[in-house]
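# Per-entry structural report
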Amino acid sequence: MASVTEPDVIVIGSGPNGLVGASMLADEGWDVLVLEAQPDPGGAVRSGELTQPGFVHDRFSAFYPLAAASPVIRALHLEDFGLQWRRAPVALAHPTPDGECAVLSTDLEETAASLDNYRPGDGKGWRELYARWERVSAHLVDALLTPFPPVRAGGRLAAALGPREWANFARFALLPVRAMADEMFSGAGGPLLLAGNTLHTDLAPEQTLGGLFGWMLACLGQEHGFPVPEGGAGRLTDALVRRLEARGGRVVCSTPVTSIEVRGRRAVAVRTAHGDEIGVRRAVLADVGAPALYGSLVHPEHLPPRILDGMRRFTYDHATVKIDWALDRKIPWAAEPARRAGTVHLGDSLDHLTEYSAQLATGRIPARPFVLIGQMSTSDPTRSPEGTEVVWGYTHVPHRVRGDAGGDLSGKWDARDTEAFVTRVERELEMRAPGFTDGIVGRHVLTPPMLEAEDANLVNGAVNGGTAQLHQQLIFRPTIGLGRAETPIKGLFLASASAHPGGGVHGACGANAARAALFADRRQRFLATIPGFGVAAPAISRRSDAEISRRA
Ligand SMILES: Cc1cc2nc3c(=O)[nH]c(=O)nc-3n(C[C@H](O)[C@H](O)[C@H](O)COP(=O)(O)OP(=O)(O)OC[C@H]3O[C@@H](n4cnc5c(N)ncnc54)[C@H](O)[C@@H]3O)c2cc1C
């Protein structure tokens with residue numbers, strides 16, 4: 001990299017969190033440089049023709065209710081930069097092998113009627129859950145997506161609830177999803193809808209907080225559907241990059257950062273794998289996993305022992321196997337509502353989800369994986385030729401495989417393991433959609449190590465930047481003593497999903513880091529006006545004259 005003028009901020013990594021933080025700082029007139037390790041930007045928000053020409057696959061994430069609801073992403077007005085949302089007629093279907101199917105539709109009547117089919121009265125249970133959401137959602141989303149502690153949003157939430165309801169809500173928020181489902185439903189449909197959404201995290205049906213995640217995601221689906229960007233997940237990244245570039249920011253790909261230089265307890269430069277050292281005037285935002293930041297990018301001599309110790313205990317969420325299929329037809333679901341759904345969950349019952357979670361917890365490859373399926377052409381017909389389907393799917397496997405609950409897979413994820421596991425997943429589809437495999441014209445598989453090779457933050461395929469369990473949330477994320485974007489090093493901020501509030505495409509981790517950088521910078525500039533408090537911060541430059549060679 002030649003002749004680079006020091007930018008105000010370097011953002012390491014161009015995932016959604018990095019790009020949101022970058023855009024917010026560019027809005028404030030900062031000269032922003034984003035350095036991305038991979039050949040293309042977007043992190044886990046990228047798409048491409050993985051199987052057949054004309055079939056656009058989402059390489060990692062696919063559905064963005066969190067982005068649609070996120071105040072920080074909404075405030076970026078990405079529609080002005082080409083983003084268009086598309087939605088399937090039904091947000092989510094949960095068909096079981098007996099032919100039954102629970103449905104989450106943006107039409108409340110349809111969701112309630114689907115649950116009443118399981119047991120009359122369960123529709124009322126869903127209406128009550130959704131009414132609770134309508135009462136608190138605006139304040140709750142704000143409270144979760146702003147830095148911890150969320151003083152203002154938390155205050156508004158408490159005021160909306162009132163003192164008595166506040167205690168009820170606090171209890172509700174801590175419920176495991178099995179307990180929440182038991183309290184609200186008698187039949188099997190409601191528990192499936194809630195728990196299937198909970199299992200987008202690594203929380204088992206019996207774990208604290210699981211109910212809250214399942215309820216929130218289901219209610220987001222009820223309110224917004226599960227939207228996808230027209231043309232592929234990469235169009236969301238394109239819009240973020242275009243917005244940043246329109247404000248003078250730059251994204252340079254194929255440039256892994258190998259270390260952050262710290263002098264006088266301040267981040268002053270980064271080193272890249274090409275051997276360049278690039279100085280920085282105000283801040284470094286790290287859209288990288290917390291263990292990578294504190295375990296390799298920053299030399300341990302700059303870190304207090306408690307952080308190093310905390311990182312030794314940092315827990316990633318489960319490993320993942322991701323499968324994409326190109327089909328020359330639509331999926332022949334036995335249950336009609338599943339044919340209209342964007343997202344389809346494959347799990348037999350709440351007990352099945354508990355067994356699957358127990359197998360993961362005990363290090364065994366699940367015998368009957370719980371699979372998250374996306375019907376991408378049903379959600380957005382531009383993804384493939386008419387009458388065909390782009391199918392997206394993933395399921396979890398243990399990080400350290402100690403056995404196989406369904407056969408003799410080794411967990412090495414060699415060709416034999418991979419083929420046998422794909423057959424296992426396809427059996428789940430066949431059980432609910434006989435003839436599924438006859439339509440396959442292309443298949444693309446990412447095993448845990450392959451996911452990490454395509455995005456270093458997806459450590460062994462962990463999708464959420466760290467476990468969602470309570471012991472690593474809020475003030476404990478990424479570890480005790482951090483809990484916010486600030487790090488022990490001045491001018492260095494953690495911007496990835498390893499920071500509060502964690503995984504998903506909502507941009508809040510990046511936004512929190514950008515706000516923290518702005519606050520620290522203003523503070524420093526104010527202190528600099530006081531005699532004896534150090535040198536003045538540099539004036540903010542709207543544009544850099546940096547010439548960056550694109551070393552791809
Ligand atoms: C298979 C899968 C399915 C998912 N499905 C959904 C979904 O449907 N909806 C949803 O909301 N979320 C989903 N997620 C989760 C979501 O994608 C992530 O939580 C989100 O992308 C996190 O954003 P991030 O910016 O923190 O990190 P990432 O998106 O992982 O981006 C990090 C970026 O930093 C780069 N990087 C890392 N280290 C360096 C370095 N040293 N130098 C330079 N660059 C570096 C990486 O290459 C990458 O581009 C899914 C994730 C996966 C893997």
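Residues numbered from 1 in each chain as written. Predicted model: local features only at pLDDT ≥ 70, side-chain atom pairs only at ≥ 80, totals over all residues. Heavy atoms only, no water.

Glancing now at the sheet that holds strand β6 (residues 90-95). Strand pairing in a sheet takes place through backbone hydrogen bonds and is either antiparallel or parallel in direction. Spatially, 7 strands are ordered β7-β6-β15-β17-β18-β14-β20 in an open sheet, and the strand pairing comes out mixed. Of all strands in the sheet, those with a lone pairing partner are β7 (101-104) and β20 (440-446), marking the two edges. Between one strand axis and the next, the sheet turns through 20 degrees on average, direction left out of account. Most of the contacts of helix α8 (residues 189-198) go to β7, to which it runs at about 60 degrees, and overall it touches β6, β7 and β15 (341-346). (Pairing = 2+ DSSP bridges. Helix = DSSP H or I, 4+ residues; strand = E, 2+ residues; numbered from the N terminus. Axes fitted to C-alpha atoms, helices over the stretch in contact; angles between N-to-C directions. Contact = heavy atoms within 4.5 Å.)

This part takes up the sheet that holds strand β2 (residues 32-35). Spatially, 5 strands are ordered β9-β2-β1-β13-β21 in an open sheet, and the strand pairing comes out parallel. In this open sheet, the two edge strands, each paired with only one partner strand, are β9 (250-252) and β21 (492-494). Shown here is a sheet whose adjacent strand axes are inclined to one another by a mean of 20 degrees, direction ignored. The pairing of strand β13 (residues 283-286) with β21 spans 3 bridges and is classified as parallel. Within β21, the position partnered with V284 by the bridge is L492. The strands touched by helix α1 (residues 16-27) are β1 (9-12), β2, β9 and β13; relative to β2, the strand with the most contacts, the crossing angle is about 170 degrees.

The next thing to look at is the site of the ligand. For the ligand, the set of nearby residues contains 35 residues, the closest of which are N17, E36, F63, D455 and G504. Within the backbone of V257, an N or O atom sits 2.9 Å from a nitrogen atom of the ligand. Here the ligand, which alone exposes 1,000 Å², has 93% of that area covered by the protein. If you list the elements that add at least two residues to the shell around the ligand, you get α1 and β18 (389-397). Tallied by class, the residues present in the shell around the ligand amount to 18 nonpolar, 13 polar and 4 charged. (Near = heavy atom within 4 Å. Polar contact = N/O pair within 3.5 Å; in protein donor to acceptor, adjacent residues only side chain to side chain. Areas by Shrake-Rupley, 256 points an atom, 1.4 Å probe, with all protein chains shown as cover. Nonpolar A, V, L, I, M, F, W, Y, C, P; charged D, E, K, R; others polar.)

Here the focus is empty space enclosed by the protein. Using the criterion set out here, one finds 1 cavity of 30 Å³ or more in the structure. Size it by volume and the largest cavity reaches roughly 50 Å³. Lining of the largest cavity is provided by P147, F148, G483, R484, A485, L494, A499, H500, C509 and N512. Classifying every residue of the lining of the largest cavity gives 6 nonpolar, 3 polar and 1 charged. (1 Å grid on protein atoms, 1.4 Å probe; cavity = no way out; pocket = protein on both sides within 12 Å on 5 of 7 lines; lining within 4 Å. Points joined across faces, edges and corners; volume = space filled by probe spheres on them.)

Here β7 shows two buried faces, one formed by C101 and V103 and the other by A102 and L104. By the bridge criterion, 4 bridges tie β6 to β7 in an arrangement that is antiparallel. When the sheet's bridge partners are listed, L92 is paired in β7 with L104. If you look at the hairpin formed by β6 and β7, you'll find 5 residues sitting between the two strands, and G99 has a positive phi there, around 95 degrees. (Buried < 20%, exposed > 50% of the residue type's maximum accessible area, 1.4 Å probe, protein only.)

The next thing to look at is the pattern of salt bridges. A full pass over the atoms with the stated rule returns 40 salt bridges. Two residues, D31 and R250, come together in a salt bridge whose shortest N-O distance is 3.2 Å. Residue D31 is located in the loop between α1 and β2, and its partner R250 is located in strand β9; the two are separated by 219 residues in the primary sequence. We note that D31, like R250, is buried. (Salt bridge = Lys/Arg side-chain N within 4 Å of Asp/Glu carboxyl O.)

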